[in-house]
Amino acid sequence: MRLLILGGTGDARALAARLGEEGRHSVIVSLAGAVARPEVYGAHTRIGGFGGVEGLVAYLRETGIDAVVDATHPFARTMSANAVAACDRAGVALLRLDRPEWRPEAGDDWREVTDLGEAVAALPHGARPFLAIGRKEIGVFAPRGDLFCLMRMIDPPAPDQPLPPGRLVLGRPPEDAHVEVAAFRDHGVTHVVTKNSGGPWGYAKIEAARRLGLPVVMVRRPPCAGAQTVADTQAVLGWIARLAERC
Ligand code: NAP
């Protein structure tokens, strides 16, 4: 079969690697082009938007895609909604891979909010938050001149991007909570602001907040687009195997 994986996540990388090892199907991974140097996927990779639903329908037909796995980030809801509409129109099978949300554990102090606007409002005057929310939406914190923010993102923000007062650190999240603990101590962080992405990638900051007794402002996931959904790579592989038997 010819498979399209909508990527931009560790889940998509893991899935592409597993399918590559199996070697049974032809796999294309699609990335938005959100970061300048994307991580390496063990599959053919295309980069850039499709041009909305119409563009994706055309791509699916031209490329002869048999099935699509939407393994985009849980907050990348436009792409997920486009995948539902385009696969429906093109008559292509679609599965959504949505990793489980993080849940608070003993020792966690979470304040759950529905969006970043609420996250801004949840921070008390003079707070020193760690913002792990990427660069696209960082501007919502800019009007809060009373904050001192530690901001981490993979690529630098655009030169005209308004930023809140604070310090910018470029890089991917560390795997080790010790590294986060040290950074939070160095910068006198008082709050951690994050989206509920789930998965192991980026969990070190949650663990670090627990160890330091810091409150976490946790942005809940937006509603899903309505595709058939599974929670892990193994379930995706089972779905693909069943489809392949029918082809
Ligand atoms: P989005 O709002 O859902 O999508 C915006 C547009 O970007 C889509 O309409 C599509 O353009 C294009 N796009 C998104 N994902 C694509 C993909 N895998 N392949 C081709 N085009 C794609 O997405 P976003 O929140 O900007 O995220 C962009 C990418 O970064 C996603 O692939 C996501 O997995 C990854 N990511 C997002 C977050 C986050 O917090 N949102 C965090 C980590 C990683 P067209 O309409 O032109 O097709």
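The rules we used
Residues numbered from 1 in each chain as written. Predicted model: local features only at pLDDT ≥ 70, side-chain atom pairs only at ≥ 80, totals over all residues. Heavy atoms only, no water. Near = heavy atom within 4 Å. Polar contact = N/O pair within 3.5 Å; in protein donor to acceptor, adjacent residues only side chain to side chain. Areas by Shrake-Rupley, 256 points an atom, 1.4 Å probe, with all protein chains shown as cover. Helix = DSSP H or I, 4+ residues; strand = E, 2+ residues; numbered from the N terminus. Nonpolar A, V, L, I, M, F, W, Y, C, P; charged D, E, K, R; others polar. Core = buried A, V, L, I, M, F, W, Y, C linked by side-chain atoms within 4.5 Å. Buried < 20%, exposed > 50% of the residue type's maximum accessible area, 1.4 Å probe, protein only. Contact = heavy atoms within 4.5 Å.

Enquirer: Help me out: how do you make sense of the site of the ligand in this one?
Expert: With respect to spatial proximity, 22 residues lie near the ligand, and among them Ser30, Phe50, Met79, Lys136 and Lys195 are the closest. Note that an oxygen atom of the ligand is positioned 2.7 Å from one of the backbone N or O atoms of Phe50. Between an oxygen atom of the ligand and a side-chain N or O atom of Lys195, the distance comes to 2.7 Å. Taking 810 Å² as the accessible area of the ligand by itself, protein coverage stands at 76%. Broken down by secondary-structure element, the contributors of at least two residues to the shell around the ligand are strand S2 (26-31) and helix H3 (77-90). Of all the elements, H3 adds the most residues to the shell around the ligand, at four residues. Within the shell around the ligand, the residues separate by chemical class into six nonpolar, 12 polar and four charged.

Enquirer: Mind showing me how you'd approach the nonpolar core here?
Expert: A general tendency of soluble globular proteins is for nonpolar side chains to be buried together. In this structure, Ile5, Leu19, Val236 and Ile240 are the most contacted members of the largest nonpolar core, which totals 22 residues. When contributions to this core are tallied by element, the ones reaching two or more residues are strand S1 (2-6), helix H1 (10-22), S2, strand S4 (67-70), strand S5 (93-97) and helix H7 (233-246). Counting residues per element, this core draws most heavily on H7, which supplies five residues. Beyond its immediate chain neighbours, meaning those up to four positions away, Ile240 contacts Met1, Leu3, Leu19, His25 and Val69. Formed by 17 residues, the second largest nonpolar core is a distinct cluster that contains Val120, Ala127, Leu147 and Val193.

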